[in-house]
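Structure assessment
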Amino acid sequence: MSSALVLGIDPHAVPGMDGDAIRAVLDRELARFGEHAIEASMTLVALDESAESTLAAALTAREWDVVVVGGGIRKPESLLTFFEHVVNLIRQHAPGAAIAFNTSGADSVEAAQRWL
């Protein structure tokens, strides 16, 4: 069975965001992976000092076939440096994994499938 790790920003850690509603979308998407015979896990981080160690732990938890980086990490221009850091963490801790990008929290399966 193929494996995918989805990385994103914890919606509960973003002021003014409806964390519960966004988390529900993300959880539905995570469940869709199973429908496509892909073993998946999701790691959501706050933008604080715990982000790097949380991401490194997720990336080294097992060998991943693909790592999907969510838009919350890569789309805001203000997070460009963080996005670069995430890509380099993937290269360092999951060097055998393809890197994919979704367009929203609801198409991570399709992003992963492009590389599986």
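Here is a short report on the structure shown in this document. For clarity, every value in this text was computed on a predicted model and none was experimentally measured. (Residues numbered from 1 in each chain as written. Predicted model: local features only at pLDDT ≥ 70, side-chain atom pairs only at ≥ 80, totals over all residues. Heavy atoms only, no water.)

**Some details on the overall build of the chain**
If you tally the helices and strands in the chain, you get five helices and four strands. Ordered by position in the sequence, the α and β elements of the chain form the string β-α-β-α-β-α-α-β-α. For 116 residues, the compact-globule estimate of 2.2 N^0.38 gives 13 Å, and the chain sits close to it at 13 Å. Here the chain holds 116 residues, and the buried ones make up 40% of them. When contacts within the chain are restricted to residue pairs at least 6 apart in sequence, long-range pairs at least 24 apart make up 73% of them. Working note: accessible area of the chain is about 6200 Å², and carbon and sulfur atoms make up 53% of it. In the chain, 8 positive and 16 negative side-chain charges are present, and the distance between their average locations comes to 6 Å. (Helix = DSSP H or I, 4+ residues; strand = E, 2+ residues; numbered from the N terminus. Rg over C-alpha atoms; globule rule 2.2 N^0.38 Å. Buried < 20%, exposed > 50% of the residue type's maximum accessible area, 1.4 Å probe, protein only. Contact = heavy atoms within 4.5 Å. Areas by Shrake-Rupley, 256 points an atom, 1.4 Å probe, with all protein chains shown as cover. Lys, Arg positive; Asp, Glu negative; His and termini not counted. Charge placed at Lys NZ, Arg CZ, Asp CG, Glu CD.)

**Remarks on the pairing of strand S2 (residues 38-45)**
For strand S1 (residues 2-9) and S2, the ladder comprises eight bridges, and the chain directions are parallel. Bridging from a neighbouring strand, leucine 7 pairs with threonine 43 of S2. (Pairing = 2+ DSSP bridges.)

**A look at helix H4 (residues 80-93)**
The α-helix winds at 3.6 residues per turn, so residues separated by three or four positions along the chain end up facing the same way. Between its terminal C-alpha atoms H4 stretches 20 Å, which fits the 20 Å expected from 14 residues at 1.5 Å a residue. Every buried residue of H4 is listed here: Phe82, Phe83, Val86, Leu89 and Ile90. The arc that holds every buried residue of H4, seen down its axis, measures 120°, which confines them to one face. Facing away from the buried side of H4 by more than 90 degrees, the exposed set consists of Thr81, Arg91 and Gln92. Tucked inside the fold, the buried residues of H4 contact S1, S2, helix H2 (51-60), strand S3 (66-69), helix H3 (71-74) and strand S4 (98-101). (Expected span 1.5 Å × (residues − 1). Arc of directions from axis to C-beta.)

**Re the pairing of S1**
When you tally the buried positions in S1, you get seven out of eight residues, the bulk of the element. Tracing the backbone out of S1, into helix H1 (residues 19-35) and back to the parallel element S2 gives a crossover that is right-handed. Here S1 pairs with S3 via four bridges, running parallel. Residue valine 6 lies in a different strand from S3, and its bridge partner there is valine 68. (Right-handed = clockwise from strand over helix to strand, strands pointing away.)

**Some details on the sheet that holds S1**
In space, the four strands of this open sheet follow the order S2-S1-S3-S4, with parallel pairing throughout. Either end of the sheet is taken by a strand with one partner, and the two such strands are S2 and S4. Taking the axes of each pair of neighbouring strands and ignoring which way they run, one obtains an average angle of 25° across the sheet. On top of the sheet, H1 reaches S1 and S2; it is set at about 155° to S2, its chief contact. Contacting S1, S2 and S3, H2 runs over the sheet at an angle of about 170° to S2. (Axes fitted to C-alpha atoms, helices over the stretch in contact; angles between N-to-C directions.)

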